[in-house]
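Chains, contacts and geometry: an overview
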Amino acid sequence: MTEKDFIPSEYTKLIAKGEVTWKSPSNIALVKYWGKEANQIPANPSISFTLDTCATTTKVTYKKLENKAQDFSFDLFFEGSLKEDFKPKIQTFFKRIEDYLPFLKNYHFKIETSNSFPHSSGIASSASGLSALALALMSLEKELNPDINEDYFIKKASFLARLGSGSAARSIEGDVVQWGNHEGTTNSSNLYAVKYPYKVHTNFKKYQDTILLVDKGQKEVSSTVGHNLMHGHPFSQQRFAQAHDNLTKLKEVFAEGDLKTFIEIVESEALTLHAMMMTSLPYFVLMKPNTLEIINKIWDFRKRTNTHVCFTLDAGANVHVLYPESEKEEIMQFIKDELVAFCQNGQYICDQIGFGAKKV
Ligand code: DP6
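Quick summary incoming for the structure in this document. Keep in mind that what you see is a predicted model, and the values were worked out from it rather than measured. (Residues numbered from 1 in each chain as written. Predicted model: local features only at pLDDT ≥ 70, side-chain atom pairs only at ≥ 80, totals over all residues. Heavy atoms only, no water.)

**Here we look at the site of the ligand**
Selection rule: Here a residue is considered near a molecule or strand provided that any single heavy atom belonging to it is located within 4 Å of it. Any N or O atom pair separated by 3.5 Å or less is treated as a polar contact, with the protein-specific requirement of one donor-capable and one acceptor-capable atom, and with residues adjacent in sequence counted only for side-chain atom pairs. Surface accessibility in these figures is a Shrake-Rupley result with a 1.4 Å probe; residues are shielded only by whichever protein chains are displayed. Each helix is a run of H or I in the DSSP string that is no shorter than four residues. Each strand is a run of E no shorter than two, and both are numbered from the N terminus. Amino acid classes used here: Ala, Val, Leu, Ile, Met, Phe, Trp, Tyr, Cys and Pro are nonpolar; Asp, Glu, Lys and Arg are charged; the rest, including Gly, are polar. Where a domain begins and ends is set by an automatic assignment or by a domain database.
The environment of the ligand is made up of 17 residues, and the closest members are Y33, K36, S165, G166 and S167. Interatomic distance of 2.6 Å between a side-chain N/O atom of Y33 and an oxygen atom of the ligand. Expressed as a share of its isolated accessible area of 460 Å², the protein-covered part of the ligand is 94%. Per element, the largest residue contribution to the shell around the ligand is 3 residues, and it comes from helix α4 (residues 223–228). Of the residues assigned to the shell around the ligand, the class counts are 5 nonpolar, 8 polar and 4 charged. Looking at which domains feed residues into the shell around the ligand, each of domain 1 (3–198) and domain 2 (211–352) supplies at least three.

Below you can see the structure in the form of structure tokens.
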């Protein structure tokens, strides 16, 4: 499919008003998206586990305007109060998707959104937030054109979410999702994410993600600034090639349930992401001392116990602790005994692999 396939032909129905609510999860990347081209095209393919508990619920109430408006007309409520400072992000999103949803200026939208996790937790809400909004807008498009089929609906929701925030493209479906052209993956696309099409061993069923909130402050580097640092980065080409290789390797890892190699790939990806930020200009260190304390404790515990606990990081100091469900009891005890002390106010969130967004 190409971008043009997402431009709709005439709508068949007239819809005066209505409302729809979607709950959409966050996701955690195993192979990281870091670096992009124009129009939110990723510089390399990425793959993630869809999460379950960490999610955004968004209700969109729409009312047709008498005449098409000059500009987008919407109010944004975050956790019950009007939020002016979130509006520019939505404005930019609407602008980017207008060609694909030509009805946008014909409606006034009331967008009411809330997160299952604290906003100030330092957990990115753009993946869950923008995927929930993309899905709500797709529901309206389906009202206007009931012939839209399920496959198109999901692909276009991911396509639109991507234009809001790259990682949001991976939050529509579960449980393992890939985004970006990759030679070894049939039907992979830069335009939208797809459900991972190959075998995933039962070792990965209900895989656990305990998110340790090390630093709940504002992000030091916005992801847009971060991605841009990969332009002219001295190691960018090697990094992009490595992401392709890691995805290729993961195919066997997922099929065989090879946890040892899984850990190696996932931790290497996290450290490489941070290495890219440390070696760009300007450079950033986004880990905190407690991030490193946690990493060392995880390595030490893994050696001591032969369990399969590992970590991954996004572009910040928080640590995602990943482990198989079969080791949950032992690893949760370790987290409580040895890792929680390094969290800000002792805060952490227990999550696991989830199965994608739902209409509520
Ligand atoms: C480090 O999706 O937040 O989490 O497309 O600019 O909104 P934009 O970037 P964003 O980048 C996330 C990068 C990451 C890795 C990942 O999720 O793959």
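**Focus: the packing of aromatic side chains**
For any pair of aromatic rings, the description consists of the separation of the ring centres together with the inter-plane angle of the planes. Here is the rule: Each aromatic pair joins two rings of Phe, Tyr and Trp (for Trp, the six-membered one) with centres within 6.5 Å, and gets the label stacked for planes under 30 degrees apart, edge-to-face for over 60, and tilted for any other angle. When accessible area is computed with a 1.4 Å probe and restricted to protein chains, residues below 20% of their type maximum are described as buried, those above 50% as exposed, and intermediate ones as partly exposed. Only Lys NZ and Arg CZ are tested; either one counts as a charge over a ring when it is within 6 Å of the ring centre and within 35 degrees of the ring normal.
All chains considered together, the criterion is met by 27 aromatic pairs. Each ring, one from F6 and one from Y192, has its centre 6.0 Å from the other, and the planes form 75 degrees; the classification is edge-to-face. Here F6, found in the segment before β1 (17–31), pairs with Y192, found in the loop between β8 (176–179) and β9 (193–195); they are 186 residues apart in sequence, far enough to count as distant. A single burial state applies to F6 and to Y192, both of which are buried. Pairing F94 with F109 gives two aromatic rings, centres 5.9 Å apart and planes at 65 degrees, and the pair type is edge-to-face. Here the residue F94 occupies a position in helix α1 (residues 87–97), and F109 occupies one in strand β7 (residues 107–115), the gap between them amounting to 15 residues. Here the two residues F94 and F109 agree in accessibility, since each one is buried. An aromatic cluster is defined as three or more aromatic residues linked by ring pairs; in this entry it consists of Y11, Y62, F72, F74, F93, F94, F103, Y107 and F109. Taking NZ or CZ as reference, K83 lies 5.6 Å from the ring centre of F86, over its face.

The analysis is restricted to geometry; functional conclusions fall outside its scope.
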